[in-house]
Amino acid sequence: MHFQKVHGLGNDFVFLDLRGVPGHMTAARARALCDRHTGVGGDGVLVFTGSPDEPVMTIWNPDGTIPEMCGNGIRCFVMELVRRFGVAADPIIVGTGAGPLSCRWEDRGEAGFLVEVDMGAGLSDGGDVDLATLPGLRDATVSPRGLRGQRISIGNPHVVFFDRFTDAEVRSWGPRVTASAAFPAGVNTEFAELTGPGRIRLTVHERGAGFTLACGTGACATVAAGVRAGLLESDRPVEVTLPGGVLRILHRSEDGHLLMTGPAVEVFEGVIALDADA
């Protein structure tokens, strides 16, 4: 398999062009590619199918599952469409498991790309949840406290908690919330702290990937939750600081859409041989 290694704020992926070879990607191959010791290493695999005129992105998690969307992944996907396949449209419409998304891009040469994605509206995804009573939190190494989390969908599921969190709390609660029986399909878990007007510090535990350096859909879900709670304003860019860097998110009042802007970088390319039975 020929591949490109790409990342958005350290959220890293293996990009594959699998047009014309349906069924070539499997859960076992996704796990093998993402393995950081025996594979390429990554937080996921981005698979290009469709055509340059009608591109489709499928993302595979490192555990072999397929989520609906990935915010950092789609920015990297757009960069590869332009650089590798000569796509010149602006915006580029990318088909995803969360529907078609419109992406505007800027080629910044050796610095990579800057991509703005219209992620659609952040929708309330059921009632709020109480952290202290979530199934699966009883064996947490740090006892959960009474915090209300908002359930938000950005095409994929999220639950967002606002407060100040210690690293021990985040590390203990994140995996347990994501795997809680309250979320049969799993959930992406956001721990958000307001650090100033229009500024958020965010850590995300991702369904199927664990803690990552950045999560684009998580940043969007957090801003949607913040606007819903009256903590943030629409039509004003919000600076979301993740461990890997900063994303800019704008909640548009006219339709509730979230515009995510951030970088995409290609690191290297290569060829990897995978077990034919994988």
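Conventions and cut-offs
- Starting afresh in each chain, residues are numbered from 1 along the sequence in its written order.
- Thresholds applied to this predicted model are a pLDDT of at least 70 for local features of residues and 80 or more for the giving and counting of side-chain atom pairs; totals over whole chains, interfaces and linings are not thresholded and use all residues.
- To get the side-chain values, all heavy atoms of the structure are used, and hydrogens and water are removed first.
- Numbering goes from the N terminus for both helices and strands, where a helix is a DSSP run of H or I of at least four residues and a strand is a run of E of at least two.
- For every residue, the accessible area obtained with a 1.4 Å probe (protein chains only) is divided by the maximum for its type, and the residue is called buried under 20%, exposed over 50%, and partly exposed between those limits.
- Between two residues, a contact is recorded if the distance between any of their heavy atoms is within 4.5 Å.
- Pairs of N or O atoms are called polar contacts if they sit within 3.5 Å, as long as, within protein, a hydrogen donor faces a hydrogen acceptor (for residues adjacent in sequence, only side-chain-to-side-chain pairs).
- The disulfide criterion is simple: two cysteine sulfur atoms within 2.5 Å.
- Definitions used for this entry: grid spacing 1 Å over protein atoms alone; cavity, a set of points where a 1.4 Å probe fits but cannot get out; pocket, an open set with protein on both sides within 12 Å along at least 5 of 7 lines; lining residue, one with an atom within 4 Å of a point.
- Grid points are joined across faces, edges and corners, and a volume is the space filled by probe spheres set on the points.
- We count a salt bridge whenever a side-chain nitrogen from Lys or Arg sits within 4 Å of a carboxyl oxygen from Asp or Glu.
- Each helix should span, by expectation, one fewer than its residue count multiplied by 1.5 Å.
- Definition used in this section: a nonpolar core is a set of buried Ala, Val, Leu, Ile, Met, Phe, Trp, Tyr and Cys residues joined via side-chain atoms within 4.5 Å.
- Paired strands are those between which DSSP finds at least two bridges.

A. Local environment of the environment of glutamate 110. Relative to the elements of secondary structure, glutamate 110 occurs in the loop between strand S6 (101-107) and strand S7 (113-121). Using a relative accessible area of 88% as the deciding quantity, one classes glutamate 110 as exposed.

B. Expanded view of the side chain of glutamate 80. With respect to the helices and strands, glutamate 80 occurs in helix H2 (residues 71-85). The class of glutamate 80 is buried, set by a relative accessible area of 0%. Contacts of glutamate 80, omitting those with residues within four sequence positions, involve Gln4, Val6, Phe15, Phe85 and Glu266.

C. Inspection of the environment of glutamate 269 at higher detail. Within the element layout of this structure, glutamate 269 appears in strand S17 (residues 257-271). Distance from glutamate 269 to glutamate 54, taken between C-alpha atoms, is 24 Å for residues 215 residues apart in sequence. Here glutamine 4 takes part through its side chain, which lies 3.5 Å from a polar atom of the side chain of glutamate 269. Reaching out from glutamate 269, the side chain makes a polar contact with the side chain of arginine 84 at a distance of 3.3 Å.

D. Here's a closer look at the environment of arginine 248. As for its placement among the helices and strands, arginine 248 is situated in strand S16 (residues 245-251). On the basis of relative accessible area, arginine 248 is assigned to the partly exposed category, the value being 45%. In this structure the C-alpha to C-alpha distance between arginine 248 and serine 102, which are 146 residues apart in sequence, comes to 16 Å. With residues near it in sequence (within four places) discarded, arginine 248 still touches Pro237, Val238, Leu259, Met260 and Thr261.

E. Inspection of the state of the cysteines at higher detail. Under the criterion given, the structure shown has zero disulfides. Cysteine 70 provides the cysteine sulfur closest to cysteine 215, a residue in no disulfide bond, and the two sulfurs are 6.8 Å apart.

F. Highlighting empty space enclosed by the protein. In this structure the tally under the stated criterion is one cavity of 30 Å³ or more. By volume, the largest cavity is sized at about 140 Å³. If you trace the largest cavity, you find 18 residues lining it, with Asn61, Pro67, Met69, Cys70 and Glu206 closest to the centre. Contributions of two or more residues to the lining of the largest cavity are made by strand S2 (11-17), H2 and helix H4 (216-228).

G. Inspection of the pattern of salt bridges at higher detail. Using the criterion set out here, one finds 22 salt bridges in the structure. In this structure, the salt-bridge partner of aspartate 130 is arginine 148, at a minimum N-O distance of 3.9 Å. Of this pair, aspartate 130 sits in strand S9 (residues 129-130) while arginine 148 is found in strand S10 (residues 148-153), placing the two residues 18 residues apart along the sequence. Classification of aspartate 130 as partly exposed rests on a relative accessible area of 24%. Given a relative accessible area of 53%, arginine 148 falls into the exposed group.

H. Structural context of H4. Across its 13 residues, H4 extends 19 Å between first and last C-alpha, which sits within 8% of the 18 Å expected from 1.5 Å per residue. Most of H4 sits out of view: twelve of its 13 residues are buried. Here H4 has its buried residues at Gly216, Thr217, Gly218, Ala219, Cys220, Ala221, Thr222, Val223, Ala224, Ala225, Gly226 and Val227. Glycine 230 sits one or two positions beyond H4 and adopts a positive phi of about 80°.

I. Examining the nonpolar core more closely. Counting residues in each nonpolar core, the largest one holds 52 residues, and the members touching the most others are Leu46, Ile74, Val94 and Ile249. Membership of the second largest hydrophobic core comes to 15 residues, among which are Leu137, Ala140, Val159 and Val187.

J. Looking closely at the side chain of threonine 178. Looking at the element boundaries, threonine 178 is found in helix H3 (residues 167-178). Engagement of the side chain of threonine 178 in a polar contact is seen with the side chain of histidine 205, the distance being 2.8 Å. With residues near it in sequence (within four places) discarded, threonine 178 still touches Gly186, Val187, Thr189, His205, Glu206 and Arg207.

K. Region of interest: the pairing of S7. Bridge count between S6 and S7: six bridges; the pairing is antiparallel. Looking across to S7, one finds that tryptophan 105 is bridged to valine 115. Across seven bridges, S7 lies against S17 in antiparallel orientation. Counterpart to valine 115 in the pairing with S17 is glycine 262.

Geometric values such as these leave the question of function open.
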